[in-house]
Each structure stands twice: as structure tokens, then as C-alpha cells.
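# Working through the structure, step by step
Listed below are the residues making up each chain.
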Amino acid sequence: MGGSRQTARKPDFPARAAPRAGSLDRLDEVIATCGACPRLVAWREEAARVKRRAFQGWEYWARPVPGFGPPDAPLMIVGLAPAAHGGNRTGRIFTGDPSGDALYAALYDLGLASQPTATHRGDGLELCGVRITVPVHCAPPDNRPTTGERDTCRPWLARELELLRPTLRAMVVLGAFAWQALPPVLAEAGWRVPRPRPVFGHGAEVLLASAGGGRPLHLVGGYHPSRRNMSTRTLTPAMLRDVLRRGAEAGGLLTRPHHGRPGV
């Protein structure tokens, strides 16, 4: 067991372990064992040790947080990284923090989530046709992973895309960090990324052709539903619902524009 932990702490662990994961369930299990980035390991464990006053009774997850959602989803949502006292506490991405409150409420309004709130693993939340993931699976200091940490973590995202590819039709990319992290992974997965690379913006849309002649991938950019963006109204609930709706329509989950809570 000790040898396995030491192996998981080597910088090349994601590159070696990710391709061997034969399913998304297995990939999620292996991601949670990773300790390849010393700065992120130290930060996620420090957050769990110190805790916030409101969460003193919690036993923090304090490990990498895997993706969430069904293995045959046609729509993927890509964020930034787990929050130190959100996903790093609860063990599920976008769960237990203001960003998740905004995201899951919007997904519920569109009929893509079974409930509007996400508080902890096992709270009954299910996603319909949607998988949520991140380019960096550990909580970073100041919500700012380094480019080296992003690149070390990249094999997890590459394998996730590979496993999801048979059903994947659309992707909503929340924030400039994720938008910039994706092109090398998408190209590696077999989609043609335009040159120059598409510029990020809220509502930006790009259709990526498949290099192998298969189904194209529809990208939709959107501002990240961070507390700062929501409180300054850089992003409003209506704006968030709009980009998610566009992604869901491109993914075949919604067949027409909706108002209120529709069916799928």
C-alpha cells in the first residue's frame, strides 16, 4: 500500500495511470489517489486541517476530485478546479460552494439535474445527459493552478474525453482557464482545433470537425459562475442558463428554446 502511495506521488503518475483506466468509474477511482503535484497536495490537506468555522464538523475529502455524471453523456461541462472548501470538502465537483449553487440551479431549471442544490456526495443529486469535469482535479491556492500543474493533470482529462467520445456532442467551457487548457487535449482526442485558436468569450461558439470523419464537437464558452462573477453580475443566472441551454441543444438534450423548467 505504501508503495502505491509513493508511486501516485510521482509527477508522471497521471500520464502512466490514465491510459490504463478502462472505464470512467475506474478513471474516477484512480484520479482520487493522485498526489503528483506537491503544492496542490499540501494546499488541499492544509485546507482540510484548518477548515472554515462553518465546516468544523466536516471530515474533508482532501483528495483530487473526479468528474461527475453519467458515462454516456452527450454534454460535458468543463470548469476550473475544485474549491478548497467546496469540492475539496465534499468530494464532488461544484458541490458545497457558491459556484455549484449557481450551476446546479441552472441545470435544474433546464431539466438536466434532479434537484437544484448540491450539498454532499450521497445527497441524491443526479445529472441527465451531462458530465462535469475540470482540467485540474485538486484545489489550488487562490484558485490559480500553475501551467505545470495543469499540464501534469492533463492526461486525466484526455482519458475522460476518450472514454466519453462515443456519445459526446457538445461542451460548455466555463472560464478562460478551461478554454485555454482544452485545445491540446481536444486535438489529441481527434478533433481539429482551428488556427489561430478560438478566442474565449461568454457565448463564443466553435464547431470542431473530427479528424477521423466522425461527429463534430460543438463548443460553447461561458463565464465561470464564481462568487465574484455572480456578485458583480458579470454573469447572471439568465446568462448562465443561456450558455448551458445552447450546449444542451447542441448535445441533443433540448429540442427547442425553453422558459421555466422544461422536460428534456
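First things first, this report covers the structure right here in the doc.

## Structural notes on the sheet that holds strand E5 (residues 217-222)
Spatial strand order, E2-E1-E3-E5-E4: five strands in an open sheet with mixed pairing. If you trace the sheet from one side to the other, it starts and ends with strand E2 (130-133) and strand E4 (205-208), each paired once. For this sheet, the mean inter-axis angle between neighbouring strands, taken without regard to orientation, is 20 degrees.

## A look at the packing of aromatic side chains
Within this structure, the stated rule accounts for three aromatic pairs. Each ring, one from Phe13 and one from Trp156, has its centre 5.8 Å from the other, and the planes form 65 degrees; the classification is edge-to-face. Taken together, the residues Phe13 in helix H2 (residues 13-17) and Trp156 in helix H7 (residues 147-164) connect sequence positions 143 residues apart. An identical accessibility class is assigned to Phe13 and Trp156; each is buried. Each residue in the set Trp179, Phe200 and Tyr223 is aromatic and connected to the rest through ring pairs, giving one cluster. Lying over the aromatic face of Trp58, Arg89 brings its terminal NZ or CZ to 4.5 Å of the ring centre. The cationic tip of Arg92 hangs over the ring face of Phe68; the distance from NZ or CZ to the ring centre is 4.9 Å.

## Considering the side chain of Arg92
Positionally, Arg92 belongs in the loop between helix H5 (87-90) and helix H6 (98-109). With a relative accessible area of 6%, Arg92 lands in the buried category. Reaching out from Arg92, the side chain makes a polar contact with the side chain of Asp123 at a distance of 2.7 Å. Not counting residues within four places of it along the chain, the set of residues in contact with Arg92 comprises Val65, Phe68, Gly87, Ala118, Thr119, His120, Arg121, Gly122, Asp123 and Leu125.

## Points about the packing of helix H3 (residues 24-31) against H7
Viewed as axis vectors pointing N to C, H3 and H7 meet at an angle of 170 degrees, and their least axial separation amounts to 10 Å. Here H3 is positioned roughly antiparallel relative to H7, judged by the angle of their axes. Across the interface between the two elements, Leu24, Leu27, Val30 and Ile31 from H3 touch Trp156, Arg159, Glu160, Leu163 and Leu164 from H7. Grouping the constituent residues of the contact of H3 with H7 by class yields seven nonpolar, no polar and two charged.

## Structural notes on the pattern of salt bridges
Applying the stated rule across the entire model yields 14 salt bridges. Close ionic contact of Arg9 with Glu45 constitutes a salt bridge, the shortest N to O distance being 3.9 Å. Remark: Glu45 occurs in helix H4 (residues 38-50) and Arg9 occurs in the loop between helix H1 (2-8) and H2; sequence separation between them is 36 residues. Judged by relative accessible area, Arg9 falls into the partly exposed class, the value being 44%. Across the salt bridge formed by Arg241 and Asp109, the nearest N and O atoms sit 3.5 Å from each other. Of this pair, Arg241 sits in helix H10 (residues 237-250) while Asp109 sits in helix H6, placing them 132 residues apart in sequence.

## Description of the nonpolar core
Counting residues in hydrophobic clusters, the biggest one holds 35 residues, and the most contacted among them are Leu27, Trp156, Leu168, Met171, Leu186, Leu217 and Leu219. At the level of elements, H2, H3, strand E1 (75-78), H7, strand E3 (170-174), helix H8 (176-188), E4 and E5 are the ones that each hand at least two residues to this core. If you tally residues by element for this core, the top one is H7, at seven residues. Ignoring sequence-local partners within four residues, the contact set of Met171 consists of Leu75, Met76, Val78, Leu161, Leu182, Leu186, Leu217, His218, Leu219 and Val220. The next biggest cluster of nonpolar side chains, apart from the first, holds 34 residues, and it includes Phe68, Leu75, Ile77 and Leu125.

## Let's talk about H10
Compared with the 20 Å implied by 1.5 Å per residue over 14 residues, the 20 Å span of H10 between its first and last C-alpha is a close match. Of all the positions in H10, only Leu240, Val243, Leu244, Arg245, Gly247 and Ala248 are classed as buried. Summarising the contacts, the buried residues of H10 are in contact with E1, H6, E3 and E5. Downstream of H10 by a residue or two, Gly252 has a phi angle that is positive, lying close to 80 degrees.

Definitions and cut-offs
Residues numbered from 1 in each chain as written. Predicted model: local features only at pLDDT ≥ 70, side-chain atom pairs only at ≥ 80, totals over all residues. Heavy atoms only, no water. Pairing = 2+ DSSP bridges. Helix = DSSP H or I, 4+ residues; strand = E, 2+ residues; numbered from the N terminus. Axes fitted to C-alpha atoms, helices over the stretch in contact; angles between N-to-C directions. Phe/Tyr/Trp six-rings, centres within 6.5 Å; stacked < 30°, edge-to-face > 60°. Buried < 20%, exposed > 50% of the residue type's maximum accessible area, 1.4 Å probe, protein only. Lys NZ or Arg CZ within 6 Å of the ring centre and 35° of its normal. Polar contact = N/O pair within 3.5 Å; in protein donor to acceptor, adjacent residues only side chain to side chain. Contact = heavy atoms within 4.5 Å. Parallel < 35°, antiparallel > 145°, perpendicular 65-115°, else oblique. Nonpolar A, V, L, I, M, F, W, Y, C, P; charged D, E, K, R; others polar. Salt bridge = Lys/Arg side-chain N within 4 Å of Asp/Glu carboxyl O. Core = buried A, V, L, I, M, F, W, Y, C linked by side-chain atoms within 4.5 Å. Expected span 1.5 Å × (residues − 1).

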